[in-house]
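# Coordinates in review
Here are the chains, one letter per residue:
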Amino acid sequence: MNSTPQSILSIDDDPLILKVLEDLVTRSGYQSVTTTSTDEALRYALDRKFAVVIADHNMPDMMGADLLHRFAQIQPAASRILITGIKSLDIVTAAVNSGEIFRFVTKPWISAEMMATLHNAVQRYELIETNRSLERTTLDLNQKLSDANARLEKQLRELGVEILEHQFARNSVQWVTG
C-alpha cells in the first residue's frame, strides 16, 4: 500500500527482547524503532507516525497497558500490541479494555505467529488511514458538489428571469404591433 516501509515502535525494559523484536520487525519488511523507556516512547509518538506500537506489560516506570492507552490518545490509528510473560486473564482483560489493544502476545512467542501479527497490525493501520483519507475526500467532494448545485440553482433562477423578461418583451411587442 505504501512505498516506504511502515514504522513499528517496540518498548521493553529487556534489551534482549528488543533485539529479537527489532530482528522480527526488519525481517518482516518494516522500519524498527526501539526503546527501553516509556517516556521516550511517548516522545517518539509526538515526533513521528507509527503503524504499530509493541509494549511490554511489566515496565518499571509505567505499565504497558497504560503506555498503550496514552499512545492511543496521541496516535489513535496505530495498532497496539501488548506483550507479557504473565498469563493472567485479568491482566489481558484490563489491558484490552483500557488500551484498546489490537493483540495480546505472551512470551515466549512463536516467530512466525508474531510476524503474522505484525503484518495484520500494519494492515489494520493502513485500512484505518485509507478509510480516513477516503472520508476526507468524500467530504471534500460533497462540499464541491453542494457548491456546484448552489451555482447551478442561481444560474437557473437567473435564466428563468431572463426567459420571463424575453417573453414579456415579445408579448409587449406583439400587443403594440397587434
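Please refer to the structure placed before this passage.
Reference entry: report on the structure contained in this document.

The rules behind each value
- Residues numbered from 1 in each chain as written.
- Predicted model: local features only at pLDDT ≥ 70, side-chain atom pairs only at ≥ 80, totals over all residues.
- Heavy atoms only, no water.
- Helix = DSSP H or I, 4+ residues; strand = E, 2+ residues; numbered from the N terminus.
- Buried < 20%, exposed > 50% of the residue type's maximum accessible area, 1.4 Å probe, protein only.
- Contact = heavy atoms within 4.5 Å.
- Areas by Shrake-Rupley, 256 points an atom, 1.4 Å probe, with all protein chains shown as cover.
- Salt bridge = Lys/Arg side-chain N within 4 Å of Asp/Glu carboxyl O.
- Pairing = 2+ DSSP bridges.
- Axes fitted to C-alpha atoms, helices over the stretch in contact; angles between N-to-C directions.
- Parallel < 35°, antiparallel > 145°, perpendicular 65-115°, else oblique.
- Left-handed = near helix turned anticlockwise from the far one by under 90°.
- Nonpolar A, V, L, I, M, F, W, Y, C, P; charged D, E, K, R; others polar.

## With respect to the overall build of the protein chain
- Counting secondary structure elements, the protein chain contains 5 helices and 5 strands.
- Helices and strands appear in the protein chain in the N-to-C order β-α-β-α-β-α-β-α-β-α.
- Expressed as a percentage of the 178 residues in the protein chain, the buried residues total 35%.
- In the protein chain, 65% of the contacts between residues at least 6 apart in sequence involve partners at least 24 apart.
- Split by element, the accessible area of the protein chain, about 10900 Å² in all, is 56% carbon and sulfur.

## A few points about the pattern of salt bridges
- For the coordinates displayed, the defined rule picks out 6 salt bridges.
- Residue lysine 49 is joined to glutamate 129 by a salt bridge in which the shortest nitrogen-to-oxygen separation is 3.1 Å. You can see lysine 49 sitting in the loop between α2 (38-47) and β3 (52-56) and its partner glutamate 129 sitting in helix α5 (residues 111-177), a full 80 residues away along the chain.
- Judged by its relative accessible area of 53%, lysine 49 falls in the exposed class.

## Things to note about the environment of tyrosine 125
- Topologically, tyrosine 125 is positioned in helix α5.
- Sequence spacing of tyrosine 125 and proline 76 is 49 residues, and the spatial spacing of their C-alpha atoms is 9.5 Å.
- Sequence-distant contacts of tyrosine 125, defined by excluding residues within four places in its chain, comprise Gln6, Lys49, Phe50, Ala51, Ala77, Ala78 and Ser79.

## Regarding the pairing of strand β1 (residues 7-11)
- Within β1, 5 of the 5 residues are buried, leaving the element largely enclosed by the surrounding structure.
- Two strands pair when backbone bridges link them, and β1 and strand β2 (residues 31-35) are joined in this way by 5 bridges, in the parallel orientation. Bridge pairing links isoleucine 8 to serine 32 in β2.

## Side note on the packing of α2 against helix α3 (residues 64-74)
- One way to put it is that α2 packs onto α3 with a least axis distance of 10 Å and a crossing angle of 15 degrees. It follows from the interaxial angle that α2 and α3 lie roughly parallel. Where α2 crosses over α3, the two elements pack in a sense that is right-handed. Here Thr38, Ala41, Leu42, Ala45 and Leu46 of α2 lie close against α3, whose contacting residues are Leu67, Arg70, Phe71 and Ile74.
- Classifying every residue of the contact of α2 with α3 by side-chain character gives 7 nonpolar, 1 polar and 1 charged.

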